[in-house]
Amino acid sequence: MCSPQEFGMNAGAVRMVTRSRVSGPRARPRGGGEVAAPLRRGKASAEGEKSRHPVKHQRKAQSLNVAYEASDGEKGEETKLLKAPSWEPQDWQQQLANIRTMRSGKDAPVDQLGVEHCYDPSAPPKVRRYQVLLSLMLSSQTKDQVTAGAMQRLRARGLTVESILQTDDSTLGTLIYPVGFWRNKVKYIKQTSAILQQCYGGDIPASVAELLTLPGVGPKMAHLAMTVAWGTVSGIVDTHVHRISNRLKWTKKVTKSPEETRRALEEWLPRDLWSEINGLLVGFGQQTCLPVRPRCHVCLNQALCPAAQGL
């Protein structure tokens, strides 16, 4: 806003312009006499100008679609932000319902041997979170059964940051073998454990960004660590989810990595389903939608699955 002084100067300028317009020869009345007082810029001036100029046709009004955001006090069930409808895959709700039916037995390997079942529930919270992260690091390129066996051997020796740092590399390798890439994982586990002790007091970071700075920790591990260790759903990502989403055409286009699939799914999948979808599809991929020779003949989605039509 302008200051009062600036406002006064502007007003004066308007009055001066007005006087200059009415003080010319055309402003004198035909019969002589005093010059009429200048009109104020208001209704009278507008009417005078209107009478001197031909009537102009008004432009055709354009319709505008306006969406309003409710204030904090008004947001609720009845007042939601207006959003343009986003893309979503065909038949996805029925496909999801069928997968829930097929997974109702909760008898896949992930249901008994996943990272949610590898930590010691009686350990202090900080130790539990560390054990969750370690099990995730071991699980990369490794079957759940193998990961669970390695975690049992580690826990038998007292699985903490301190115990891992005191274990020599050879012994640690023997304990985690035969997980995939076990030699690299020995190095990453030692490096990560040292960082956690020095920078986080033996706990694990509480954000995806910080978790990703740890050696040997990728996006899948970081998002699952947030869900299992911290109880915060931050994303969906898994090899099974990646494969099944592409088979069901749950992405606008074919995705080439689990991370790309995660971003594609999160664009349309309701957030309240994120925590469920990972475990649901992992078990479905272990039992029915196998990587090689999927069991389409027993799948309830056989008639709805685009991939099944080509088999």
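What you are looking at is a predicted structure, and each value in this text was computed from that prediction instead of being measured. (Residues numbered from 1 in each chain as written. Predicted model: local features only at pLDDT ≥ 70, side-chain atom pairs only at ≥ 80, totals over all residues. Heavy atoms only, no water.)

1. Quick word on the layout of surface pockets
Unfilled space is identified by rolling a water-sized probe across the atoms. Its boundaries defined by the atoms lining it, the largest pocket holds a volume of some 1,100 Å³. Lining the largest pocket we find 44 residues, and of these Asp144, Lys220, Asp238, His240 and Val282 sit closest to its centre. Elements that contribute at least two residues to the lining of the largest pocket include exactly helix H4 (109-113), helix H5 (125-139), helix H6 (144-156), helix H11 (219-228), helix H12 (239-247), helix H13 (258-266) and helix H14 (274-287). Ranked by residue count, the leading element in the lining of the largest pocket is H14, at 8 residues. (1 Å grid on protein atoms, 1.4 Å probe; cavity = no way out; pocket = protein on both sides within 12 Å on 5 of 7 lines; lining within 4 Å. Points joined across faces, edges and corners; volume = space filled by probe spheres on them. Helix = DSSP H or I, 4+ residues; strand = E, 2+ residues; numbered from the N terminus.)

2. Things to note about the pattern of salt bridges
This model, assessed by the stated rule, comprises 8 salt bridges. The shortest N-O distance in the salt bridge between Arg103 and Asp111 comes to 2.8 Å. Here Arg103 falls in the buried class, since its relative accessible area comes to 2%. The exposure class of Asp111 is buried, given its relative accessible area of 17%. Measuring nitrogen to oxygen at the nearest pair gives 2.5 Å for the salt bridge that ties Arg262 to Glu259. Here the residue Arg262 and the residue Glu259 both occupy positions in helix H13, the gap between them amounting to 3 residues, near one helical turn. Look at Arg262 and you get buried, because its relative accessible area is 12%. (Salt bridge = Lys/Arg side-chain N within 4 Å of Asp/Glu carboxyl O. Buried < 20%, exposed > 50% of the residue type's maximum accessible area, 1.4 Å probe, protein only.)

3. As for the confidence of the model for the protein
Residue-level pLDDT values for the protein average 81, and 72% of them are 70 or greater. In this model residues 63-82 is a low-confidence stretch, pLDDT under 50, and it forms 7 contacts with partners more than four residues away in sequence or in other chains. (pLDDT = per-residue confidence, 0-100. Contact = heavy atoms within 4.5 Å.)

4. Here we look at helix H9 (residues 182-199)
Relative to the 26 Å expected for 18 residues at 1.5 Å per residue, H9 spans 25 Å between its end C-alpha atoms, a close match to the ideal helical length. Those residues of H9 that sit buried are Lys185, Val186, Ile189, Lys190, Thr192, Ser193 and Leu196. Of the surrounding secondary structure, the elements contacted by the buried residues of H9 are H5, helix H7 (161-166) and helix H8 (169-176). Looking one or two residues past H9, Gly201 carries a phi angle of roughly 60 degrees, positive in sign. (Expected span 1.5 Å × (residues − 1).)

5. Regarding the packing of H8 against H9
A pair of packed helices can be characterised by two numbers: the angle between their axes and the separation between those axes. One can describe the packing of H8 onto H9 by two numbers: an axis separation of 9 Å at closest approach and a directional angle of 120 degrees. Our classification of the angle between H8 and H9 gives oblique. Handedness of the crossing formed by H8 with H9: right-handed. For the pair formed by H8 and H9, the contact residues are Asp169, Leu172, Gly173 and Ile176 on the first element and Trp182, Lys185, Val186, Ile189 and Lys190 on the second. For the contact of H8 with H9, the class distribution of residues is 5 nonpolar, 1 polar and 3 charged. (Axes fitted to C-alpha atoms, helices over the stretch in contact; angles between N-to-C directions. Parallel < 35°, antiparallel > 145°, perpendicular 65-115°, else oblique. Left-handed = near helix turned anticlockwise from the far one by under 90°. Nonpolar A, V, L, I, M, F, W, Y, C, P; charged D, E, K, R; others polar.)

6. Quick look at the packing of aromatic side chains
For the coordinates displayed, the defined rule picks out 4 aromatic pairs. Look at Trp92 and Trp268: their rings are 5.0 Å apart centre to centre, the planes differ by 70 degrees, and that puts the pair in the edge-to-face class. Within this pair, whereas Trp92 is found in helix H3 (residues 92-102), its partner Trp268 is found in the loop between H13 and H14, the two being separated by 176 residues in sequence. Just as Trp92 is buried, Trp268 falls in that class too. A ring pair is formed by Tyr177 and Trp182, whose centres lie 5.7 Å apart and whose planes are at 85 degrees; its orientation type is edge-to-face. Owing to a relative accessible area of 23%, Trp182 belongs among the partly exposed residues under this scheme. (Phe/Tyr/Trp six-rings, centres within 6.5 Å; stacked < 30°, edge-to-face > 60°.)

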